[in-house]
Amino acid sequence: MRRLPALIAVLTTLALVSGASAQDTPRPGGVLNWYVYGDPGRLDIHLESPLSVQQAVAGIYSGLLHRDPDDPVKITGDLAERWTVSGDGKTYTFQLRKGVKWHDGQPFTSADVKATFDRVLDPNVKSPRCGSMLKPVVASAEAVDPHTFQVVLKFPAAPFLEYTASAWCRIAAKHVLEKYGDLSKPEAQIGTGPFKFKRYERGSVIEWVKNPDYFIKGLPYLDGVKQYVLVGFPTQLAAAKAGRVQLWDTWPPMKKTDADELRRARGNDVDISQNSINTLFLAFMHTQKPPFDKPDMRRAVHLALDRQEIVAKALEGAGVPCAVLDPKLAGEYALPLEEVNKLPGCRQPKDQDIAEAKRLVEKHYPNGVDVEAAVRSVGNYVDRAQLILSQLRKIGIRGTIKTYESAAGFAVFGKGDFVFLPTQDRAMVTVDAGDLFSLVYTTDAGSNWGKWTDKKTDELTAQGLRETNPAKRKQIYWELQRHILSGAPSAIPVAWVEGFHFVDKKVRGYKFAPTVYDNNTFLKVWLAQ
């Protein structure tokens with residue numbers, strides 16, 4: 001796996017400040033108090049994309065592979081004990097654990113893995129995370145025998161193991177899918193993971209309890225996990241200050257002033273750290289609805305947005321403006337910031353770009369135009385949206401905000417029932433540089449909410465996925481980033497988000513992972529007295 005040394009250093013530092021010392025002995029028992037930013041709505045890990053859904057069921061399911069709880073930069077076996085790869089790099093054979101049981105007592109076999117792969121690969125099933133990654137690369141998937149599973153790829157794909165280890169590609173039980181049809185309801189949350197799903201009270205709490213039959217003896221250490229549904233940043237910060245939650249490793253991250261406030265309230269009881277969350281702040285426009293069905297209007301928005309002001313005011317400086325890929329995360333595959341910051345729309349000062357943006361708007365709407373801006377009422381999205389709309393008023397785009405509860409907003413976006421989304425973060429599923437493009441920018445991307453279709457973007461994304469030579473792959477992704485920043489896509493990169501998180505010092509064995517979706521099963525987490 002290719003990782004940037006700087007990111008590895010950051011994750012190592014975070015592990016040191018949040019993990020137990022070598023002399024600590026894990027102590028069984030206790031319940032970890034965590035939080036989720038909003039109600040998840042449907043609980044189907046394969047058919048949904050919000051972080052709240054993944055968090056709600058993170059400890060319930062296992063994958064073929066996962067990120068190593070002791071070193072989350074690494075990928076290791078989960079339900080697969082080991083695997084081999086053919087000489088041509090196209091056939092992966094997984095040897096599965098024996099004696100694993102589903103939470104209802106039924107035995108786990110390769111038939112369950114087959115049912116899961118069939119589900120997310122079905123062309124008639126929209127799987128915005130797992131399916132959007134696997135469909136372009138998987139040719140076939142078969143159960144060879146009860147404990148052997150084989151995947152044949154269309155071509156050697158460098159990120160295939162990253163995809164397989166994704167928190168969105170967890171294995172579901174064949175008999176559960178047959179019984180319930182999907183995984184949307186609490187009663188369908190039957191996994192093989194370290195915890196069992198106990199209850200979900202909308203607007204209140206999601207609760208897991210220890211799985212006494214987990215396939216690794218002695219784990220998990222915790223008796224359970226409670227996720228309090230805390231909507232709105234003031235509520236989340238108040239809970240952290242009061243000690244109601246013991247871990248803030250998730251989205252939205254705290255800003256520096258929030259972290260300082262928490263430090264004053266909790267003192268030495270918490271470890272606070274700043275880190276990237278591998279998440280891009282985007283603005284989405286619907287390409288099939290006026291006014292953004294006109295490429296000129298989308299280009300005008302790109303030119304008018306002052307990303308530096310947005311990062312300074314909305315993120316308190318903790319972010320990387322305008323980059324399609326963040327060099328701290330994507331390394332050499334990211335277009336150098338020196339080049340990015342000289343491009344129209346990204347450069348400073350803004351006078352020339354605003355003048356051109358005004359010209360483009362007046363070309364189609366001499367008296368300006370009114371648009372409705374759809375915004376989920378989570379994090380500081382409303383504040384961000386107000387700042388963005390104030391910038392767009394300078395070029396004749398007048399916006400009014402319509403807010404949605406978190407899950408309702410995602411439902412609206414998925415159906416395409418919007419004109420403009422001024423602020424929506426998209427967290428990457430893996431650390432592979434191509435992840436963003438298959439998630440947001442290709443025709444079949446899981447978060448292509450604006451219905452953008454661009455032949456060159458699709459072709460370059462496919463080339464990057466197939467290319468195994470790092471130098472050639474870099475050039476493909478540089479060309480793709482230049483194409484996006486010079487064109488009129490439906491999704492405009494605003495900034496890569498950074499921020500602050502905390503771990504209560506009683507929480508031991510927790511390690512920050514490269515994405516917000518990983519290592520939140522709490523398999524090896526324990527609580528000190």
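Above this text sits the structure in question.
The structure presented is a predicted model; accordingly, all values stated were derived computationally and were not measured. (Residues numbered from 1 in each chain as written. Predicted model: local features only at pLDDT ≥ 70, side-chain atom pairs only at ≥ 80, totals over all residues. Heavy atoms only, no water.)

(A) Region of the structure containing helix α13 (residues 351-364). Taking 1.5 Å of rise per residue, 14 residues should cover 20 Å, and α13 covers 21 Å from first to last C-alpha, within 8% of that figure. All of the buried residues along α13 are Asp353, Ile354, Ala357, Leu360 and Val361. Seen along its axis, α13 keeps its buried residues to an arc of 120 degrees; they face one direction. The exposed set on the far side of α13, more than 90 degrees from its buried face, consists of Asp351, Gln352 and Lys363. Against the buried residues of α13 lie α9 (295-304) and β15 (397-404). (Helix = DSSP H or I, 4+ residues; strand = E, 2+ residues; numbered from the N terminus. Expected span 1.5 Å × (residues − 1). Buried < 20%, exposed > 50% of the residue type's maximum accessible area, 1.4 Å probe, protein only. Arc of directions from axis to C-beta. Contact = heavy atoms within 4.5 Å.)

(B) Up close: the environment of glycine 224. Structurally, glycine 224 is set in strand β10 (residues 224-229). A sequence separation of 27 residues divides glycine 224 from phenylalanine 197, and the C-alpha atoms of the two residues are 9.7 Å apart. Apart from the residues lying within four places of it in its own chain, the contact partners of glycine 224 are Gly30, Val31, Leu32, Phe195, Trp208, Val209 and Lys210.

(C) Representation of the side chain of aspartate 435. For aspartate 435, the location among the structural elements is in helix α16 (residues 435-441). In terms of polar contacts, aspartate 435 uses its side chain to reach the backbone amide nitrogen of threonine 430, at 2.6 Å. (Polar contact = N/O pair within 3.5 Å; in protein donor to acceptor, adjacent residues only side chain to side chain.)

(D) Focus on the sheet that holds strand β9 (residues 205-210). The sheet built from four strands is open, its strands ordered β1-β10-β9-β8 with mixed pairing. If you trace the sheet from one side to the other, it starts and ends with β1 (31-36) and β8 (195-201), each paired once. Strand after strand, the sheet turns through a mean of 20 degrees between neighbouring axes, direction not considered. With six bridges connecting them, β1 and β10 associate as parallel partners. Bridged to valine 36 within β10 is valine 229. (Pairing = 2+ DSSP bridges. Axes fitted to C-alpha atoms, helices over the stretch in contact; angles between N-to-C directions.)

(E) Seen up close, the packing of aromatic side chains. One pass over the full model with this rule turns up 27 aromatic pairs. Measuring from centroid to centroid gives 5.5 Å for phenylalanine 292 and phenylalanine 420, while their planes differ by 45 degrees, and the two rings are tilted. A residue pair is termed long-range when its members are at least 10 positions apart, and phenylalanine 292 in the loop between β12 (270-285) and α9 and phenylalanine 420 in strand β16 (residues 420-427) qualify at 128 residues. Take phenylalanine 420: its relative accessible area is 0%, and that puts it in the buried class. Ring plane angle 90 degrees and centroid distance 6.0 Å describe the contact between tyrosine 333 and tyrosine 477, whose orientation is recorded as edge-to-face. Of the two residues, tyrosine 333 sits in the loop between α11 (327-330) and α12 (337-340) while tyrosine 477 sits in helix α18 (residues 470-486), which places them 144 residues apart along the sequence. In this structure, arginine 384 is placed above the aromatic ring of phenylalanine 281, and the distance from its NZ or CZ to the ring centre is 4.2 Å. (Phe/Tyr/Trp six-rings, centres within 6.5 Å; stacked < 30°, edge-to-face > 60°. Lys NZ or Arg CZ within 6 Å of the ring centre and 35° of its normal.)

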